[in-house]
Amino acid sequence: EGVQPPLISKSRYQAGLQCPKLLWYHFNQQDAFPPNDPATQARLDQGAQVGALAKRLFPKGLEIGAGVIKRSTVDELSRAALPKRRPMFEAGFIAGNAFARADVLVPVDRGGWDIVEVKSATEVKPEYLTDMALQRHVYEKSGLRVRRCFVMRINNEYVRQGEIDARKIFTKTDVTKDVDKVVGSVAAELKKMVAIIEKKHPPEADIGPHCSTPYGCPLSDMCWKAVPKHSVLSLTRFPKVKAFELFHAGITHLRDLPRDTQLTPTQRIQIRAVHSRHAQVKHDALAEFLKGLEYPLYFLDFETINPAIPVWDLTRPYQQLPFQFSLHVVSKPGAKPMHHAFLAEDGRDSRPEILTRLKRHLGQRGTIIAYSAGFEKKALRACSEAYPAFAAWWRKTEPRVVDLLQPFRDFDYYHPDQCGSASLKVVLPALTGAGYDNMEIADGITASQEFLRITFGNTPAAERKKVRAALETYCALDTEGMVRIIEELTKVACQLSHH
């Protein structure tokens, strides 16, 4: 549509509020943007599903300009549909330099309209208000009388039983008063944004907390490439605002921190590791942790789905539901691990099968090791509540679970390559050299999305087979990694006790 004049949509307006440089690139250098990462794509896909479901609540609704790219055409179609006084989906209007499409415009008394914005979140977020302020500005400038503004969001108390009940899975919040507070600044913001877009070069913009709020920035690699590996921004549990202040004052590397900086014991450990280039170990705490493990050791990891629209009966929106597990069992010190795995075959509720198998594999004694174990425990507790036949077994079994995150979270062991993080994805390569590079599926979000896609979408058999193999490989690496981490920690503890 050419650059003349720049038409600022809702998403571009949000980008402009977040960072002027991001806005400039959207209009002047679109090719700088990488393709969406799996998490972003998943969010967009989920939003589309939720939006489609919400339309059921407006049975007489008109779909406006589906698949039409040209904004002027959308504007014409929307204006032509106004006299019909029916709910409109995706009606879009142009006013000055702004263009906004509403999820739903609902006709109300005396020729007025309500704006209904459908969101896949469970609460109203501040960025929804600026989003709706732009919409309201555009519609009122286009001659519509806006009565109220609503956010229609997911009700996470809803429990699925049979077909999804669209009336119960959504809850509507009137945000008119909040939108009133911000709508007045829209015209001035748009004016500033047009000036930025029309510059020959991108504006300077420092990195800061805005790089990840309210949304992760797709261009952050470009702006963050000058940040050193051991930067002050990687200092564990250090106030973000303060870290950025130091960074912009030229204190970019942990080695440059002024001596009088107030630091916690764990932050000191991190800095010592950077200076010495060696792992820092609290020998007694590590020995104590290892001594608490009782063979056989069971290394357990789940992959879960948590869809906004529940796919199984007796589940709630966003509930974490396991569909896959990997279990490595080490019967005695030095023994070769035995591997058990499960990956749900079809779209049926996999929880009973997972509980049955785990009950069989986990035996009566021995430590069950999970990484960030609160997650596994919570998921299994919820499973055993949904299937009470397993409740007594899980109550008896849960006390055997030990969290492998603990020694890393408490900095009993800290390797400089962790860069302040205790996540398994960082600890495993730092400790053992093994990692998640070059894997088809290398993180939980992708695993979850891919499982949903091949299970509930129309996927060819060959593709399903390929994805299932990638899921098996990924989940197995998590538990295999934990086995290797315990072996490494044991070696470290032994070496230290001999010194």
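Residues numbered from 1 in each chain as written. Predicted model: local features only at pLDDT ≥ 70, side-chain atom pairs only at ≥ 80, totals over all residues. Heavy atoms only, no water.

**So, the pattern of salt bridges**
Phase 1 of the analysis: Summed over all chains, the structure comprises 32 salt bridges.
Phase 2 of the analysis: Across the pair Asp 165 and Lys 168 runs a salt bridge, and its minimum N-O distance is 4.0 Å.
Phase 3 of the analysis: Between Arg 409 and Asp 410 there is a salt bridge; the shortest N-O distance is 3.8 Å.
Phase 4 of the analysis: Arg 409 gets classed as partly exposed once you look at its relative accessible area, which sits at 36%.
Phase 5 of the analysis: Among the ionic contacts, a cluster of salt bridges with common partners joins Lys 10, Glu 117, Lys 119 and Asp 131. (Salt bridge = Lys/Arg side-chain N within 4 Å of Asp/Glu carboxyl O. Buried < 20%, exposed > 50% of the residue type's maximum accessible area, 1.4 Å probe, protein only.)

**Focus: the environment of Thr 455**
Phase 1 of the analysis: Inspection of the secondary structure assignment puts Thr 455 in helix 18 (residues 444-456).
Phase 2 of the analysis: Separated by 111 residues in sequence, Thr 455 and Ala 344 have C-alpha atoms that sit 9.0 Å apart.
Phase 3 of the analysis: Here Phe 451 takes part through its backbone oxygen, which lies 2.6 Å from a polar atom of the side chain of Thr 455. (Helix = DSSP H or I, 4+ residues; strand = E, 2+ residues; numbered from the N terminus. Polar contact = N/O pair within 3.5 Å; in protein donor to acceptor, adjacent residues only side chain to side chain.)

**Here we look at the sheet that holds strand 1 (residues 62-63)**
Phase 1 of the analysis: Reading across the sheet, the six strands line up as 1-2-3-4-5-6 and stay open at both edges, with mixed pairing between neighbours. Each edge of the open sheet carries a strand with a single partner, namely strand 1 and strand 6 (170-174).
Phase 2 of the analysis: Across seven bridges, the pairing between strand 2 (residues 88-95) and strand 3 (residues 98-108) is antiparallel. Residue pairing across strands places Gly 92 opposite Arg 101, the latter belonging to strand 3. (Pairing = 2+ DSSP bridges.)

**Regarding the side chain of His 253**
Phase 1 of the analysis: Examined against the element boundaries, His 253 turns out to sit in the loop between helix 10 (240-248) and helix 11 (265-276).
Phase 2 of the analysis: By relative accessible area, which is 13% here, His 253 ends up buried.
Phase 3 of the analysis: A distance of 3.0 Å separates a polar side-chain atom of His 253 from the backbone nitrogen of Arg 255.
Phase 4 of the analysis: If near-sequence neighbours (up to four positions away) are discounted, His 253 is found in contact with Pro 228, His 230, Ser 231, Val 232 and Val 274. (Contact = heavy atoms within 4.5 Å.)

**Digging into the nonpolar core**
Phase 1 of the analysis: Judged by nonpolar contacts, the single largest core of 65 residues is most densely connected at Leu 358, Leu 404, Phe 408, Ile 485, Ile 486 and Leu 489.
Phase 2 of the analysis: A total of twelve residues in this core trace back to one element, the largest contributor, which is helix 19 (residues 461-498).
Phase 3 of the analysis: If sequence neighbours within four positions are ignored, Leu 358 has contacts with Leu 300, Phe 302, Phe 325, Leu 380 and Trp 393.
Phase 4 of the analysis: Formed by 47 residues, the second largest nonpolar core is a distinct cluster that contains Phe 93, Trp 113, Leu 134 and Val 175. (Core = buried A, V, L, I, M, F, W, Y, C linked by side-chain atoms within 4.5 Å.)

**Section: empty space enclosed by the protein**
Phase 1 of the analysis: Counted by the stated rule, this structure contains one cavity of 30 Å³ or more.
Phase 2 of the analysis: What the largest cavity holds in volume is close to 140 Å³.
Phase 3 of the analysis: In this structure, the largest cavity is lined by 16 residues; those nearest its centre are Cys 19, Leu 22, Cys 211, Cys 217 and Cys 223.
Phase 4 of the analysis: Looking at the lining of the largest cavity, the elements that each hand over two or more residues are helix 2 (20-28) and helix 9 (220-224).
Phase 5 of the analysis: In terms of residue count, helix 9 provides more of the lining of the largest cavity than any other element does, four residues in total.
Phase 6 of the analysis: Split into classes, the residues belonging to the lining of the largest cavity amount to eleven nonpolar, three polar and two charged. (1 Å grid on protein atoms, 1.4 Å probe; cavity = no way out; pocket = protein on both sides within 12 Å on 5 of 7 lines; lining within 4 Å. Points joined across faces, edges and corners; volume = space filled by probe spheres on them. Nonpolar A, V, L, I, M, F, W, Y, C, P; charged D, E, K, R; others polar.)

**Focus on the layout of surface pockets**
Phase 1 of the analysis: Estimated volume of the second largest pocket: approximately 1200 Å³.
Phase 2 of the analysis: Forming the boundary of the second largest pocket are 40 residues, of which Asn 306, Gly 444, Ile 445, Ser 448 and Gln 449 lie nearest the centre.
Phase 3 of the analysis: Mapped by element, the contributors of at least two residues to the lining of the second largest pocket are helix 3 (38-54), strand 8 (297-305), helix 14 (374-386), helix 17 (424-432), helix 18 and helix 19.
Phase 4 of the analysis: Among the residues forming the lining of the second largest pocket, the class breakdown is 16 nonpolar, 13 polar and eleven charged.

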